[in-house]
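# Survey of secondary and tertiary structure
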Amino acid sequence: MTTPYGSILYFAVLFAFLAPIVIAGLLGKRMPVYNAFVTLVFIYMMFASNPIQAIALIVFVFWQLALVRLYFNYRQKSNHGGIFVLALILSILPLFIVKVQPLLAAHTTMIGFLGISYLTFKAAQMIMETRDGLIKELNSWDFINFLLFFPTLSSGPIDRFRRFKKEADAPIDPDKYANLLNRGIFLIFLGFLYKFIIAYLIQNNAITGLEYNLHHHVQFGWSLVGYMYAYSMYLFFDFAGYSAFAVGVSYLMGVQTPMNFNKPFASRNIKEFWNRWHMTLSFWFRDFVFMRLVFWMTKKKIFKSKFTVAYIAYFVNFLIMGMWHGLHWYYIVYGLYQATLIVGFDLFERWNKKKKFYPKNKVTNVIGIVITFQFVCFGFLIFSGILDKISF
């Protein structure tokens, strides 16, 4: 299997195939048929060495297409909540099986493949927005084009169907595309800096040695603290580098895929952090889990206090987000930890509005950034799974 953005050879082949798209864009033209051909080529490269995953991907796409089409046709005539829930469950079912499978001591799954999580988010999003009446038209080609957009296939960022379709259908302005091309090239070079230089150096010069120390109890306390910060930096630069590649290549194809990171370690509080870190995932959960749960509990009048409703929704939201990464204890604890931070900060903010204990100024902004960074890094220490691998 060829890992997307994993080698110089991959980029050499990528740029060769993208050259006609770039030339056409500078001339103000789109090439939908050629784009589809390029998508097939790179999907083939990803799965050629693993035909089982390739077959799983094909079956998954037809499964999701059938579900979305059936529910869209049903939604034009009726809007029963039970049918909506059933369609959503069936859409998420393949991902659920993939996540549960490791607990069954099975080492392989017939339905898992690279990128299944992000494709499931896209498909489930289609069903939810169809329920909301936001998707007025559905063309199978548009859906498949959105679902299999190859720059973001394996690890996002997660785009929205209506935004993607509007841009993919719009004619290209040569001047605007030239700016998009420049920005895309910059992001690709930024990705090289982040992923292949900074993340590589952190992995080889810090994390590897610190892991050895932790496993052999060499200066255990300091090694654990060092690992916490090193892993946090590695996680950011590795994932932000990949995201920069994905967005940059999208730009070269004339699609402005949303950014995934916005200086997250400059966040002054944990709420701001989640508006800057893995933004497309964070906003997806906010819109399709948190807000819907808040709306449902408010409508059913389950709790009188709006704060109780919000806090319960935060815990459910981050618990699901943690479980989405995997059904290991450290992912679940990580989700609950983030929810605790969010709720704790909201309680502090409400208290501070009355007491005026903590003013907002440049000094407290810096203090907030430093404190938030510590809490975030400790969360990433939990997330890393290293605490499950070392002996205490």
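The name that an unreviewed UniProt entry assigns to the protein chain is Teichoic acid D-alanyltransferase, with the source organism given as Listeria weihenstephanensis. Regarding the protein chain, the relevant UniProt record gives this comment under Sequence similarities (unreviewed entry): "Belongs to the membrane-bound acyltransferase family." Under the Function (unreviewed entry) heading, UniProt states for the protein chain: "O-acyltransferase that catalyzes D-alanylation of both teichoic acid and lipoteichoic acid (LTA). D-alanylation of LTA plays an important role in modulating the properties of the cell wall in Gram-positive bacteria, influencing the net charge of the cell wall. Catalyzes D-alanylation from DltC carrier protein."

Our focus in this paragraph is the side chain of T257. Along the chain, the position of T257 falls in the loop between α9 (220-252) and α10 (270-274). A polar atom in the side chain of T257 sits 3.0 Å from the side chain of S250. Excluding its chain neighbours within four sequence positions, the residues that come into contact with T257 are F149, T152, P157, D159, R163, V247, S250 and Y251.

A cluster of nonpolar side chains, namely W296, I302, F303, I312, V316 and I320, defines an oily patch on the protein surface of about 480 Å² accessible area. With three residues, the single largest contributor to the nonpolar patch is helix α12 (residues 306-325). Tracing the backbone shows W296 in helix α11 (residues 279-300).

According to UniProt, the positions carrying the feature "transmembrane region" (unreviewed entry) are residues 6-27, 32-48, 79-97, 103-121, 184-202, 307-325, 331-351 and 363-387. This span, residues 184-202, is 100% helix and 0% strand, and a straight line between its end C-alpha atoms measures 26 Å. For residues 363-387, the end-to-end C-alpha separation is 35 Å, with 96% helix and 0% strand making up the annotated structure.

What counts, and at which threshold
- Residues numbered from 1 in each chain as written.
- Predicted model: local features only at pLDDT ≥ 70, side-chain atom pairs only at ≥ 80, totals over all residues.
- Heavy atoms only, no water.
- UniProt positions renumbered as here; feature names shortened; annotations may be inferred.
- Helix = DSSP H or I, 4+ residues; strand = E, 2+ residues; numbered from the N terminus.
- Polar contact = N/O pair within 3.5 Å; in protein donor to acceptor, adjacent residues only side chain to side chain.
- Contact = heavy atoms within 4.5 Å.
- Patch = residues over 30% accessible without salt bridge, like charges linked within 9 Å, V, L, I, M, F, W, Y side chains within 5 Å.
- Areas by Shrake-Rupley, 256 points an atom, 1.4 Å probe, with all protein chains shown as cover.
- Salt bridge = Lys/Arg side-chain N within 4 Å of Asp/Glu carboxyl O.

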